[in-house]
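Geometric and topological summary
As a plain string of letters, each chain reads:
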Amino acid sequence: MSTTEDIKKGLAGVVVDYTAVSKVNPETNSLLYRGYPVQDLAASKSFEEVALLLWTGELPSESELTEFSAFERANRALDPRVKAAIDLLPTDCHPMDVGRTAVSVIGANHAEAENSSPEAELRKAKELFAAFPAVVAYDQRRRRGQELVAPREDLDYSSNFLWMSFGEEAAPEVVDAFRVSMVLYAEHSFNASTFTARVITSTLSDLHSAVTGAIGALKGPLHGGANEAVMHTFDEIGIDKNESRKDAAVRAKAWMEDALAQKKKVMGFGHRVYKHGDSRVPTMKAALDKMIEHYGRSEMLGLYDGLESAMDEAKAIKPNLDYPAGPTYHLMGFDTEMFTPIFIAARITGWTAHIFEQRASNALIRPLSAYNGPEQRAL
Ligand code: COA
């Protein structure tokens, strides 16, 4: 008979396996991808380089990067079968449902769907990496009543993502802030969606099934859905472009005090692992600051600071990555419900790196439960 102490609700504090993909160190607030500090990668590496690092364990040589870049650019177009499937979905369903369906359709049509050799798995991961931005971009456009924008092979991953989403070339500062967000969102050890991908892989299921399941886990507001929930908070407080930074901060502070008095959980704050601040926040906040300056929107900084300081004073709970990421995507022009699908595009790298790792050293993930239903009884 298990006692309450034996039960690790939410698997909190349970170490289930080794990983060489990333290391989260809550003591030092640091995050390493394959040994490299994430803030250093975000400062100087393209998202394409970070993807290769996560998959292979090493940063690519120049020729490896050139080869991957050409492959990625050649695999960006939205597959007509995927487009047809998306078009069957209502424009008022959640875009995460569209992302989840798209990956499932890509898998169902894949000639190597059931081939889980390391070479085939890496190829499938690279293809998904290249193909997913078009799903997000097209979904946003169709909801707005706009036509599909074809990818451009002369643009890098981040510029092309913005190009397909908005049909115009983004300013270099915007492209860079977007790149930073992708690098920071790429990987974070055994979070709920990655663990989901590993559970599915552990049954010897295929890569697209694992990613599809991971998307379902990422959708929830306690996980990836928090970046859009942050924007709902900003909307609830009210965004007024003409308001001063100071006035916006005062209103945000009052909103937070009220929310905490009502014992509400405020999205974008707190973390299961980091208890003294999320290692990725300073880098993402710097990117947000640049966007606030680029778009001349200091009132957004007021809202940001007001909420953050009120939460710090009341509960000393720090923001997580979703807190600066949400307003950054908003300023770039993305619709709020597209924020978590953008997170998918980034996390496909981490998920698939974990799928490779699980596959290489597999054990079926199957925990036990303590039964607390009725004792055996006669029918
Ligand atoms: N707003 C208000 N209070 C919060 C909070 C938040 N965002 N996050 C944690 N707390 C409080 C809890 O109410 C609880 O207080 P109590 O002890 O007085 O009941 C305490 O902090 C511990 O919270 P708990 O939910 O048990 O911690 P956890 O480790 O299970 O939770 C999260 C981690 C991420 C699920 C939680 O912080 C949360 O729900 N955050 C909002 C969602 C979010 O931003 N998710 C993205 C994560 S990257």
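Everything discussed here concerns the structure shown above.
These notes cover the structure that comes with them. Bear in mind the structure is a predicted one, so any value in this text is a computation, not a measurement. (Residues numbered from 1 in each chain as written. Predicted model: local features only at pLDDT ≥ 70, side-chain atom pairs only at ≥ 80, totals over all residues. Heavy atoms only, no water.)

1. Things to note about the site of the ligand
Basically, it comes down to this: Any residue with a heavy atom lying within 4 Å of a molecule or strand is counted as near it. Polar contacts, as counted here, are pairs of nitrogen or oxygen atoms within 3.5 Å of one another; within protein the pair requires one atom able to donate a hydrogen and one able to accept it, and residues that are adjacent in sequence qualify only if both atoms are side-chain atoms. Amino acids outside the nonpolar list (Ala, Val, Leu, Ile, Met, Phe, Trp, Tyr, Cys, Pro) and the charged list (Asp, Glu, Lys, Arg) are all regarded as polar, and Gly is one of them.
The local shell around the ligand holds 19 residues, among which Lys-265, Val-266, Gly-268, Phe-269 and Asn-320 are the closest. Interatomic distance of 2.4 Å between a side-chain N/O atom of Lys-265 and an oxygen atom of the ligand. Between a nitrogen atom of the ligand and a main-chain N or O atom of Phe-269, the distance comes to 2.8 Å. Taken together, the residues of the shell around the ligand break down into eight nonpolar, five polar and six charged.

2. Some remarks on helix α3 (residues 62-74)
Spelled out, the test is: Think of it this way: any DSSP run of H or I at least four residues long counts as a helix, any run of E at least two long counts as a strand, and we number them from the N terminus. For a helix, the expected span equals 1.5 Å multiplied by the number of residues minus one. Exposure categories follow from relative accessible area, calculated using a 1.4 Å probe and restricted to protein chains: below 20% of the type maximum is buried, above 50% is exposed, and the middle band is partly exposed. It is the directions from the helix axis to the C-beta atoms that the arc portrays.
Spanning 13 residues, α3 covers 18 Å between terminal C-alpha atoms, matching the ideal 18 Å at 1.5 Å per step. Within the sequence span of α3, burial applies to Phe-68, Ser-69 and Glu-72. Take α3 and look down its axis: the buried residues cluster within an arc of 105 degrees, on one side only. Projecting away from the buried face of α3 at angles above 90 degrees are the exposed residues Ser-63, Thr-66, Glu-67 and Ala-74.

3. Quick word on the side chain of Asn-320
Stated precisely, the cut-off is as follows: Residue contacts follow a heavy-atom distance rule, with two residues in contact if any of their heavy atoms lie within 4.5 Å.
Along the polypeptide, Asn-320 turns up in the loop between α14 (298-315) and α15 (322-332). Ignoring anything within four residues of it in the chain, the contact list for Asn-320 reads Gly-268, Phe-269, Gly-270, His-271, Asp-278 and Val-281.

4. A few points about the sheet that holds strand β2 (residues 30-33)
Threshold: Pairing between two strands requires that DSSP report at least two bridges joining them.
The sheet built from three strands is open, its strands ordered β1-β2-β3 with antiparallel pairing. Lying at the two open borders of the sheet, with one neighbouring strand each, are β1 (22-25) and β3 (36-37). Strand direction decides the pairing type here: β2 and β3, joined by two bridges, are antiparallel. Paired with Leu-32 across the strands is Pro-37, a residue of β3.

5. Observations regarding the packing of aromatic side chains
Test applied: When the centres of two rings from Phe, Tyr and Trp lie within 6.5 Å, Trp using its six-membered ring, the rings pair. Their planes under 30 degrees apart give stacked, over 60 give edge-to-face, and anything left gives tilted. For a ring to carry a charge above it, either NZ of a lysine or CZ of an arginine must fall within 6 Å of the ring centroid while also lying within 35 degrees of the normal to the ring plane.
For the coordinates displayed, the defined rule picks out 19 aromatic pairs. Measuring from centroid to centroid gives 6.3 Å for Phe-190 and Phe-195, while their planes differ by 35 degrees, and the two rings are tilted. Of the residues examined, Phe-190 reaches a relative accessible area of 25% and is grouped as partly exposed. On the basis of relative accessible area, Phe-195 is assigned to the buried category, the value being 18%. Among the aromatic residues, those joined into a ring-pair cluster are Phe-47, Trp-55, Phe-68, Phe-129, Tyr-157, Phe-161, Phe-166, Phe-178, Tyr-329, Phe-334 and Phe-339. Across the ring face of Trp-163, the terminal group of Arg-152 is positioned such that the distance to the ring centre comes to 4.8 Å.

6. Quick look at the packing of helix α11 (residues 226-237) against α15
What counts here: What counts as an axis is a line fitted to C-alpha atoms, over the stretch in contact for a helix, and the angles between N-to-C directions run from 0 to 180 degrees. Between 65 and 115 degrees an angle is taken as roughly perpendicular, under 35 as roughly parallel, over 145 as roughly antiparallel, and anywhere else as oblique. Crossing handedness follows the turn of the near helix against the far one: under a right angle anticlockwise gives a left-handed crossing, and clockwise gives a right-handed one.
Closest axis-to-axis distance for the α11/α15 pair is 8 Å, and the angle between their directions is 70 degrees. The pairing of α11 with α15 is recorded here as roughly perpendicular in orientation. Here α11 and α15 pass one another in a crossing that is right-handed. On the side of α11, the interface is formed by Ala-226, Asn-227, Val-230, Met-231 and Phe-234, while α15 contributes Asp-322, Tyr-323, Gly-326, Pro-327, Tyr-329 and His-330.

7. Quick word on unusual backbone geometry
The phi angle at Leu-204 is positive, at roughly 70 degrees, despite the residue not being glycine. As for its placement among the helices and strands, Leu-204 is situated in the loop between α9 (192-202) and α10 (207-219). Residue Leu-204 is classed as exposed on the basis of its relative accessible area, which comes to 65%. Phi angles above zero are rare outside glycine, and Ala-316 is one such case at about 55 degrees. Structurally, Ala-316 can be placed in the loop between α14 and α15. Overall, the relative accessible area of 45% leaves Ala-316 in the partly exposed class.

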